[in-house]
Amino acid sequence: MSGNPEFQTLKRAQHRSGVAMAAIAVGGFLLYVLLSSFTPGLMNSSLSGHLTLGLALGLGQFVLMAVIARRYVVHMRTRVDPVARGFRTQLHRPTAEGPGRTAQHPSVPRPRTEEYRTW
C-alpha cells in the first residue's frame, strides 16, 4: 500500500497541510513575541480604556489557534479521511475464504466496528 502513488499523494498533502498550519501558528506567536520585545511603545498603545494593542494581540493568539485547529479538522474530514477510508476498504476487501473474512496484511490491525471522530 505504501508504494501506491495515490497513497503517496495523500501522505504529501497531509504533511504539507500540517506543516503549513504549524508554520502559521509558530509565525503568529513569533511575531507577537518580536513585537513585544522590540516595539514596547506600540504594544502599550491604548485601543480602548485598559485594552492595549499588546493585550488584544495576545488574546488574538487564542483565536488564531482555534481557527487553525478547526481548519485542520475540517481539512482532515473533507480531504484526507474519505481517501483513507477508500484505502482501508481496499485493504480489507472480502476474500474467497468465506463471508466475514477479509484479506489483510498481518501487520495491519483489524478495523473497529464503531466510528471514532476527531472532535
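The coordinates are above.
Thresholds applied
Here the residue index of a chain counts from 1 through its sequence in written order. Local features in this predicted model are restricted to residues whose pLDDT is 70 or higher, and side-chain atom pairs enter the listing and the counts only when it is 80 or higher, whereas totals over whole chains, interfaces and linings include all residues. Excluding hydrogens and water, the side-chain figures rest on all heavy atoms present in the structure. Helix and strand definitions follow DSSP, with helices as H or I runs of at least four residues and strands as E runs of at least two, each counted in order from the N terminus. A 1.4 Å probe rolled over the protein chains alone gives each residue an accessible area, and that area as a share of the maximum for its type sets the label: buried under 20%, exposed over 50%, partly exposed in between. Contacts are assigned to residue pairs with any non-hydrogen atoms lying within 4.5 Å of each other. Areas reported as accessible are Shrake-Rupley estimates using a 1.4 Å probe. Residue values count occlusion only from the protein chains shown. Each helix should span, by expectation, one fewer than its residue count multiplied by 1.5 Å. Take the seven residues that end at a residue and the seven that start at it, fit an axis to each, and the angle between those axes is the bend at that residue. With axes taken as lines fitted to C-alpha atoms, and helix axes fitted only over the stretch in contact, angles between N-to-C directions fall between 0 and 180 degrees. In what follows, roughly perpendicular refers to angles from 65 to 115 degrees, roughly parallel to angles under 35, roughly antiparallel to angles over 145, and oblique to any angle outside these ranges. Polarity classes work like this: nonpolar for Ala, Val, Leu, Ile, Met, Phe, Trp, Tyr, Cys and Pro, charged for Asp, Glu, Lys and Arg, and polar for all others, with Gly in that last group. Polar contacts, as used here, are pairs of N or O atoms within 3.5 Å; protein pairs need one atom able to donate a hydrogen and one able to accept it. Residues neighboring in sequence count only if both atoms are side-chain atoms.

A. Molecular detail of the overall build of the protein. In terms of helices and strands, the protein carries three helices and two strands. Element order for the protein, N to C, with α for helix and β for strand: α-α-β-β-α. Out of the 119 residues belonging to the protein, those deemed buried represent 13%. Look at the contacts in the protein between residues 6 or more apart in sequence, and 49% of them connect residues 24 or more apart. For the protein, the accessible surface area stands at approximately 9,100 Å², while carbon and sulfur atoms represent 65% of it.

B. Representation of helix α3 (residues 53-91) within the structure. Across its 39 residues, α3 extends 54 Å between first and last C-alpha, which sits within 8% of the 57 Å expected from 1.5 Å per residue. The principal kink in α3, of about 40°, is found at Val80, preceding the proline Pro82 by one to four residues.

C. Examining helix α1 (residues 5-38) more closely. An ideal rise of 1.5 Å per residue puts 50 Å on 34 residues; α1 measures up with 48 Å between its terminal C-alpha atoms. Restricting attention to buried positions, one finds in α1 the residues Leu10, Ser17, Met21, Ala25 and Gly28. On its buried face, α1 is in contact with α3.

D. Representation of the packing of α1 against α3 in the model. Relative to each other, α1 and α3 sit at 180°, their axes nearing to 10 Å. Regarding the angle of α1 to α3, the classification is roughly antiparallel. Among the residues making up the contact of α1 with α3, the classes are represented as 19 nonpolar, eight polar and two charged.

E. Examining the side chain of Gln61 more closely. Along the chain, the position of Gln61 falls in helix α3. Since its relative accessible area comes to 15%, Gln61 is described here as buried. A polar atom in the side chain of Gln61 sits 3.1 Å from the backbone oxygen of Gly28.

Interpretation in functional terms is not warranted from these geometric data alone.
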